[in-house]
Amino acid sequence: MKAIRFLGNGRLELADVPRPTPVGDEVLVRVRVCAMCSTDVRYRFLAPDPLPVIPGHEIAGDVIDVDRPQYVKPGERVALTVHAPCGGCEPCRRGDGAFCENLSKYGSLRDGGNAEYVLAKETSCLPLPDDFTFDDGALIGDTLGTAWHGVGKLNLLPREKVLVVGGGPIGLACARIAIWLGAEVTLAEIGAHRIALARALNIPRIVNPNTDDLPAAVAEITAGRGFDHVAECGGNEATFQAALDAARVGGKVVLLSMVKSAPISPAAVVCPKELTIMGSWNFNSREYRQIVRFYRANRDIVNLITHRFPLARAEDAYALFMSGKTGKVVFQP
Ligand SMILES: [Zn+2]
Ligand SMILES: [Zn+2]
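Fair warning: this is a prediction, and the values are worked out from it, not measured in the lab.

Asker: Please provide a residue-by-residue account of the layout of surface pockets, values included.
Answerer: A water-sized probe rolled over the atoms picks out the places where empty space is left. The space that makes up the largest pocket amounts to roughly 1400 Å³. If you go around the largest pocket, you meet 49 residues; those closest to its centre are S38, C233, G234, G235 and S257. Contributions of two or more residues to the lining of the largest pocket are made by helix 1 (38-44), helix 3 (134-152), helix 4 (169-180), helix 7 (237-246) and helix 10 (314-322). The biggest single contributor to the lining of the largest pocket is helix 1, with 5 residues. When grouped by side-chain class, the residues that make up the lining of the largest pocket number 21 nonpolar, 21 polar and 7 charged. The two domains that each donate at least three residues to the lining of the largest pocket are domain 1 (2-145 + 283-331) and domain 2 (154-279). The calculated volume of the second largest pocket comes to roughly 440 Å³. Along its surface, the second largest pocket is lined by 22 residues, and Y71, P85, C92, T123 and S285 are the ones closest to its centre. With 3 residues, strand 7 (residues 125-127) is the single largest residue contributor to the lining of the second largest pocket. Of the residues contributing to the lining of the second largest pocket, the split by class is 10 nonpolar, 10 polar and 2 charged.

Here it is in structure tokens:
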């Protein structure tokens, strides 16, 4: 089968590799759509272990072969979770596969979906509803699920004021989820392409901190109090600081992006405002039905996908995605 492989330190190749065979609780999925994620780019420039590895963890396709599965059958259409949970440890048994004690992950710790086929754990297979396309499936397993879980941590009340910092796919999904839950949403984003995409997705209020005075905008929108809730989806020190600064006294800040490190002043911000700062990590299987329900009512979110590539154009696809001038870039093997 054809597959893209990361060779470490930024190098990739298009290779012909043997089609894998499922063993035990594994299933073979024919990949229909695999969406690219900033995590893929991060792995590309590391020397991930094992190497070489087939990248891609936002996967939708159909099951074509199984060995001894308990519930997944050939012919089923599935979206895969990011992680490949063991299914037997304590976190797995309560539905928290993202915290599996024997964790594996597509596209880094095991081969992923930038290929014609992927060997998946049965525990990763989310049933794709009949009315959902493979594009929908590629978005639901990470972008929408991760955003749903993060926004869920805020326990939003209708009409509360929410700031989403960073308008990448997860930030835009967070904004749409918060709107659906009845909140008044503002997005802070500096990239022209992302702002255009946010407008196309009907995000009602967008502030560009490069051209607008963000603290003044926060004060104006919130009558000087600050936002009830902030979702940090920007992924850098400046967006992290902006998130803390924009929250009101007693406000909640949920961190969805992977800010590597950032200084934090408890004395200046966190204690005087009694902020609650929460990390958020993927989503759990108990939330899947709600995520499907949300997405069914918000199908235009599929417009997050802006570009499609065959595997053979891997270099072009990754280069375009890394330019920041796209929404979701997907491979259609
Ligand atoms: Zn991802
Ligand atoms: Zn486990």
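Back to the text.
Asker: Any chance you could break down the nonpolar core for me, citing the residues and the numbers?
Answerer: General note: in soluble globular proteins, nonpolar side chains tend to be found buried as a group. In terms of nonpolar packing, the biggest core is built from 47 residues, with I140, L144, V164 and L172 touching the most fellow members. Contributing elements (two or more residues each) for this core: strand 3 (26-35), helix 3, strand 8 (161-165), helix 4, strand 9 (184-188), helix 5 (192-200) and helix 9 (288-296). Tallying contributions element by element places helix 3 first for this core, with 8 residues. Two domains each donate at least three residues to this core, and these are domain 1 (2-145 + 283-331) and domain 2 (154-279). Apart from the residues lying within four places of it in its own chain, the contact partners of V164 are G171, C174, A175, V185, T186, L187, A188, A231 and C233.

Asker: Provide a residue-level description of the pairing of strand 1 (residues 2-8), including the pertinent values.
Answerer: Pairing geometry for strand 1 and strand 2 (residues 11-16), over 6 bridges, is antiparallel. Its bridge partner lying in strand 2, G8 is registered against R11. Where strand 1 hands over to strand 2, the hairpin turn is made up of 2 residues, of which N9 adopts a positive phi near 55°.

Asker: So what's going on with the coordination of the zinc ion (ligand 2)? Which residues, and what values?
Answerer: Working reference: metal with six octahedral donors, ideal angles 90 or 180 degrees; metal with four tetrahedral donors, ideal angle 109.5 degrees. Protein ligation of the zinc ion (ligand 2) involves C86 (SG), C89 (SG), C92 (SG) and C100 (SG), the donor distances falling in the range 2.3 to 2.4 Å. Coordination at the zinc ion (ligand 2) is tetrahedral, judged from the 4 donor atoms that bind it and the angles of 102 to 117° they form at the metal. Mapping the donors of the zinc ion (ligand 2) onto the primary sequence yields the spacing C-x2-C-x2-C-x7-C. The buried category is assigned to C92, whose relative accessible area is 13%.

Asker: Can you break down the coordination of the zinc ion (ligand 1) residue by residue, with the values?
Answerer: At 2.0 to 2.3 Å from the zinc ion (ligand 1) lie its protein donor atoms, namely C37 (SG), H57 (NE2), E58 (OE) and D142 (OD). Because the angles between the 4 donor atoms bound to the zinc ion (ligand 1) fall within 89 to 143°, the donor set is best described as irregular. For the zinc ion (ligand 1), the single-chain donor residues occur in sequence as C-x19-H-E-x83-D. On the criterion of sequence distance, the pair formed by C37 in the loop between strand 3 and helix 1 and H57 in the loop between helix 1 and strand 4 (58-66) is long-range, its members being 20 residues apart. C37 sits in the buried class, given a relative accessible area of 10%.

Asker: So what's going on with the environment of R296? Residues and values would help.
Answerer: Mapped onto the elements of the fold, R296 is located in helix 9. Given a relative accessible area of 42%, R296 falls into the partly exposed group. Beyond its immediate sequence surroundings of up to four residues, R296 is in contact with P129, D131 and F132.

Asker: Could you give me a rundown of the side chain of K273, with the residues and numbers involved?
Answerer: Relative to the helices and strands, K273 is located in the loop between helix 8 (266-270) and strand 13 (276-279). The side chain of K273 sits in the buried core without any salt bridge; D245 is the nearest counter-charge, 5.5 Å away. One polar contact links the side chain of K273 to the main-chain carbonyl oxygen of A247, over a distance of 2.5 Å. Excluding its chain neighbours within four sequence positions, the residues that come into contact with K273 are L244, D245, A246, A247, R248, V249, G250 and G251.

Asker: Describe the packing of helix 3 against helix 9, and please don't skip the residues or the numbers.
Answerer: One can describe the packing of helix 3 onto helix 9 by two numbers: an axis separation of 10 Å at closest approach and a directional angle of 110°. Relative to helix 9, the element helix 3 lies roughly perpendicular. Note that helix 3 runs across helix 9; the crossing there is right-handed. Contacts between helix 3 and helix 9 involve D136, L139, I140, L144, G145 and W148 from the former and Y288, Q290, I291, V292, F294 and Y295 from the latter.

Asker: Mind laying out the domain arrangement of the chain, listing which residues take part and the relevant values?
Answerer: Accessible area lost upon the coming together of the parts is a frequently used measure of interface size. Each assigned domain of the chain is listed here: domain 1 (2-145 + 283-331) and domain 2 (154-279). Its C-alpha centre places domain 1 at a distance of 28 Å from the equivalent point of domain 2. At the interface, 16 residues of domain 1 touch 11 residues of domain 2. Carbon and sulfur atoms supply 71% of the area that domain 1 and domain 2 bury against each other, a total of about 1300 Å² over both sides. For the domain 1 face of the interface with domain 2, the top three residues by lost area are T143, F294 and L304, together amounting to 34%.

Cut-offs and rules
- Residues numbered from 1 in each chain as written.
- Chains lettered and ligands numbered in written order.
- Predicted model: local features only at pLDDT ≥ 70, side-chain atom pairs only at ≥ 80, totals over all residues.
- Heavy atoms only, no water.
- 1 Å grid on protein atoms, 1.4 Å probe; cavity = no way out; pocket = protein on both sides within 12 Å on 5 of 7 lines; lining within 4 Å.
- Points joined across faces, edges and corners; volume = space filled by probe spheres on them.
- Helix = DSSP H or I, 4+ residues; strand = E, 2+ residues; numbered from the N terminus.
- Nonpolar A, V, L, I, M, F, W, Y, C, P; charged D, E, K, R; others polar.
- Domains from an automatic or database assignment.
- Core = buried A, V, L, I, M, F, W, Y, C linked by side-chain atoms within 4.5 Å.
- Buried < 20%, exposed > 50% of the residue type's maximum accessible area, 1.4 Å probe, protein only.
- Contact = heavy atoms within 4.5 Å.
- Pairing = 2+ DSSP bridges.
- Donors = N, O, S within 2.8 Å, 3.2 Å for Na, K, Ca; no water.
- Tetrahedral: all angles 85-135°; square planar, octahedral: opposite > 155°, others 65-115°.
- Lys, Arg positive; Asp, Glu negative; His and termini not counted.
- Salt bridge = Lys/Arg side-chain N within 4 Å of Asp/Glu carboxyl O.
- Polar contact = N/O pair within 3.5 Å; in protein donor to acceptor, adjacent residues only side chain to side chain.
- Axes fitted to C-alpha atoms, helices over the stretch in contact; angles between N-to-C directions.
- Parallel < 35°, antiparallel > 145°, perpendicular 65-115°, else oblique.
- Left-handed = near helix turned anticlockwise from the far one by under 90°.
- Buried area = accessible area lost by both parts, 1.4 Å probe.

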